[in-house]
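Here's the letter readout for the chains.
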Amino acid sequence: GGLANMASRGVGPGRGSLWLLSLVVVCSARATAAGKILALVEDLSVQYTHSIFFKNIASRGHDVEFRLVDDDEVHIEEYGEWLYDGLVLFTPTAEELAGGIGVETLEEFIDSGKDLLIAAGPGSKGAIRSLVKTVGIELFPYGSFAIDHVEKDEAGGGHDQTRIVLDSASTLIKAELVVGEARKPILYKGTTLSVGEDNDLAFKALVGATTTYAGYVDSAAEAPEVAGAGTTLIAAMQARNNARVVVAGSVKMFSDEYFGAEVATAADSARRGTGNEALCDSLAKWVFKDSGLLQASDIRHFLAGTETTPDVYTIKQDLDLFVDIMELKSGTWVPYEADDVKVEFVMLDPYIRTALSHDGKGLYSTTFKVPDVWGVFQFKITYNKLGYSSIVITKEMPVRPLKHYEYERFIYAASPYYMASFSMLAGFVAFGFLFLYHK
């Protein structure tokens, strides 16, 4: 009853309501503050050949700046401050990156929570290969392509086995926040990637068809190193600090030409438009945190049914717990709705792990009993879901044992001992009475 009453008032007691108001203000400010993005390119004509892709990014409020990869005056950091919130590297054949931008600088850029979109290619060299490797993704050897003799684009002449058509339903990861909805085929021409099996943070966003393999166009026929779903074409990584990186093995797939192309295969000769624009736009939304971004309040807790937050809980007390979670959608913070958010009450190991219920308005709550163990505990919410930014919230809370006057005055489990004591007293009185008054 107490939990329901507090939930009906929004987030609980007065201070919780004020916190929710501040959360909304902070969230609204953040949602309207789009980032500044630097696009490093090998030729400034990219802003025309890939204009739709960059216009879509700019339409969400981002300020996109184009600079040449060999421009020594380009810097992404100044006086310890990052000048950009995200980088686009359309530099597949560059030996080195611009000015003071080295692999170590870009590692620090990612470590600070910034985002990176990299488009590589068969001709990718030193800097790009080293950078990609730092996030647990590797490019296949120089000059290698994704090749498919069956699913090649017949509308483009059918002679180029590296210009392949992929069925989006079977080759895209099942995560609409990252790659959008699978509808139209994807046109691809580029190299292949590999994601380390021990890399828990990276995942494959687009893989090859069953007939796709990694190889060299002019080499003699030999068994491919990888084939089918093993040929990764686009990979992504979300770091523990929620920095995001997308690595694609093709620059052309982002071009206006591929966005507007019509494709056909030997199995399906009907010409169809490509889904490249939808895919690339979804990737850009995700990597630059225009989608899949969660924001959570601090944990709030009270004695069950009250508006009191104690400094210390006592064992076996009931408590109510609240947290607000919001999601960024189309530039606006809206309540996040999910049934898989859990909270733990931890002291070295979790003593309690329970699901949080939500009211459909972003407020998550639960009630549980403090365990019969005293010490310094933590409320802990750790939420990781593919496509969403991770949430990690911890809050310490000491738990004390009962004081001497707080123990039960009558313990039902000790009833046999109570009865034995009283029966002994009764027996003593009866014996004394008989001994004194009867001969």
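Quantities reported herein were computed from a predicted structural model and do not represent experimental measurements. (Residues numbered from 1 in each chain as written. Predicted model: local features only at pLDDT ≥ 70, side-chain atom pairs only at ≥ 80, totals over all residues. Heavy atoms only, no water.)

Colleague: Got a minute to help me understand the overall build of the protein in this structure?
Modeller: Counting its regular elements, the protein contains 11 helices and 28 strands. By the compact-globule yardstick of 22 Å for 439 residues, the protein is too spread out, its C-alpha radius of gyration being 31 Å. Along the first, second and third principal axes, the C-alpha set of the protein runs to 125 × 50 × 40 Å. The 439 residues of the protein split such that 46% are buried. Look at the contacts in the protein between residues 6 or more apart in sequence, and 70% of them connect residues 24 or more apart. Computed over 39 positive and 58 negative side-chain charges, the separation of the two mean positions in the protein equals 9 Å. (Helix = DSSP H or I, 4+ residues; strand = E, 2+ residues; numbered from the N terminus. Rg over C-alpha atoms; globule rule 2.2 N^0.38 Å. Buried < 20%, exposed > 50% of the residue type's maximum accessible area, 1.4 Å probe, protein only. Contact = heavy atoms within 4.5 Å. Lys, Arg positive; Asp, Glu negative; His and termini not counted. Charge placed at Lys NZ, Arg CZ, Asp CG, Glu CD.)

Colleague: So what exactly am I meant to see when it comes to the sheet that holds strand β20 (residues 313-314) here?
Modeller: Each strand in a sheet pairs with its neighbour through backbone hydrogen bonds, running either in the same direction (parallel) or in the opposite one (antiparallel). Across the sheet, five strands lie side by side as β20-β28-β27-β23-β24; this open sheet has mixed pairing. Whereas interior strands pair on both sides, the edge strands pair on one side only; in this sheet they are β20 and β24 (349-355). As paired elements, strand β23 (residues 342-347) and strand β27 (residues 375-383) share three bridges and run antiparallel to each other. Note on β27: the bridge partner recorded for Val346 is Gln378. (Pairing = 2+ DSSP bridges.)

Colleague: Help me understand the confidence of the model for the protein in this model?
Modeller: Low pLDDT marks regions whose predicted coordinates should not be analysed in detail. Chain-level statistics for the protein give a pLDDT mean of 88 and a share of 91% at 70 or above. For the stretch residues 1-33, pLDDT sits under 50, and the model shows 51 contacts to residues farther than four places along the chain or on other chains. (pLDDT = per-residue confidence, 0-100.)

Colleague: Would you mind going over helix α5 (residues 103-111) with me for this structure?
Modeller: Each α-helix winds once per 3.6 residues, and so residues spaced three or four apart point in a common direction. Buried residues of α5: Thr105, Leu106, Phe109 and Ile110, and no others. The arc that holds every buried residue of α5, seen down its axis, measures 140 degrees, which confines them to one face. The outward face of α5, more than 90 degrees from its buried face, is lined by the exposed residues Glu104 and Asp111. Where the residues of α5 are buried, they touch β4 (81-82), β5 (86-90), β6 (115-119), α6 (126-134) and β15 (244-248). Within two residues after α5, Gly113 carries a phi angle of roughly 95 degrees, on the positive side. (Arc of directions from axis to C-beta.)

Colleague: Whenever I open this one, unusual backbone geometry confuses me. Can you help?
Modeller: Peptide bonds are, in most cases, trans, and in most cases residues other than glycine have a negative phi. Notably, Lys289 is not glycine yet its phi reads approximately 60 degrees, a positive angle. Secondary-structure assignment places Lys289 in the loop between α10 (276-287) and β18 (294-296). A residue is classified by how much of its surface remains accessible, and Lys289, at 13% relative accessible area, is buried. Even without being glycine, Lys316 reaches a positive phi, approximately 70 degrees.

Colleague: How should I be thinking about the nonpolar core in this particular structure?
Modeller: Within soluble globular proteins, side chains that are nonpolar tend to cluster in buried spots. Core analysis: the largest hydrophobic core is formed by 42 residues, its most contacted members being Phe53, Phe54 and Phe90. A per-element tally of this core places α10 first, with six residues. Filtering out sequence-adjacent residues up to four positions away, Phe90 remains in contact with Leu40, Val41, Glu42, Val46, His50, Phe53, Phe54, Ala119, Val251 and Phe254. Listed in part, the 34 residues of the second largest apolar core include Leu38, Leu40, Leu87 and Ile137. (Core = buried A, V, L, I, M, F, W, Y, C linked by side-chain atoms within 4.5 Å.)

Colleague: Mind showing me how you'd approach the pairing of strand β21 (residues 318-329) here?
Modeller: Looking along a regular strand, one sees the side chains alternate between the two faces of the sheet. A large share of β21 lies buried, amounting to 10 of its 12 residues. For β18 and β21, the ladder comprises three bridges, and the chain directions are antiparallel. Among the inter-strand pairings, Leu294 is bridged to a residue of β21, identified as Glu327. Here strand β19 (residues 300-303) pairs with β21 via four bridges, running antiparallel. Opposite His301, over in β21, you have Leu321 as the bridge partner. Note: β21 against strand β26 (residues 363-369), seven bridges, orientation antiparallel.

Colleague: Would you mind going over the packing of aromatic side chains with me for this structure?
Modeller: Geometry of an aromatic ring pair is reported as the spacing of the ring centres plus the angle between the planes. The tally for this structure, following the rule as stated, stands at 18 aromatic pairs. Between Tyr336 and Tyr388, the aromatic rings sit 5.2 Å apart at their centres with planes inclined by 65 degrees, giving edge-to-face as the arrangement. Of this pair, Tyr336 sits in the loop between β22 (332-335) and β23 while Tyr388 sits in the loop between β27 and β28 (391-400), placing them 52 residues apart in sequence. Exposure remark for Tyr336: the relative accessible area of 1% places this residue in the buried category. Three or more aromatic residues joined by ring pairs form one cluster here, namely Phe53, Phe54, Phe66, Phe90 and Phe254. (Phe/Tyr/Trp six-rings, centres within 6.5 Å; stacked < 30°, edge-to-face > 60°.)

Colleague: Can you help me understand the environment of His358 in this one?
Modeller: Looking at the element boundaries, His358 is found in strand β25 (residues 357-358). A C-alpha to C-alpha distance of 18 Å links His358 and Tyr388, two positions 30 residues apart in sequence. At 3.3 Å, the side chain of His358 forms a polar contact with the side chain of Asp339. One polar contact links the side chain of His358 to the main-chain amide nitrogen of Gly360, over a distance of 3.1 Å. (Polar contact = N/O pair within 3.5 Å; in protein donor to acceptor, adjacent residues only side chain to side chain.)

Colleague: How do you make sense of a nonpolar patch on the surface when you look at a structure like this?
Modeller: A contiguous nonpolar patch, built from Phe431, Phe433, Leu434, Phe435, Leu436 and Tyr437 and spanning about 770 Å² of accessible area, is present on the exposed surface. Along the polypeptide, Phe433 turns up in helix α11 (residues 415-437). (Patch = residues over 30% accessible without salt bridge, like charges linked within 9 Å, V, L, I, M, F, W, Y side chains within 5 Å. Areas by Shrake-Rupley, 256 points an atom, 1.4 Å probe, with all protein chains shown as cover. Salt bridge = Lys/Arg side-chain N within 4 Å of Asp/Glu carboxyl O.)

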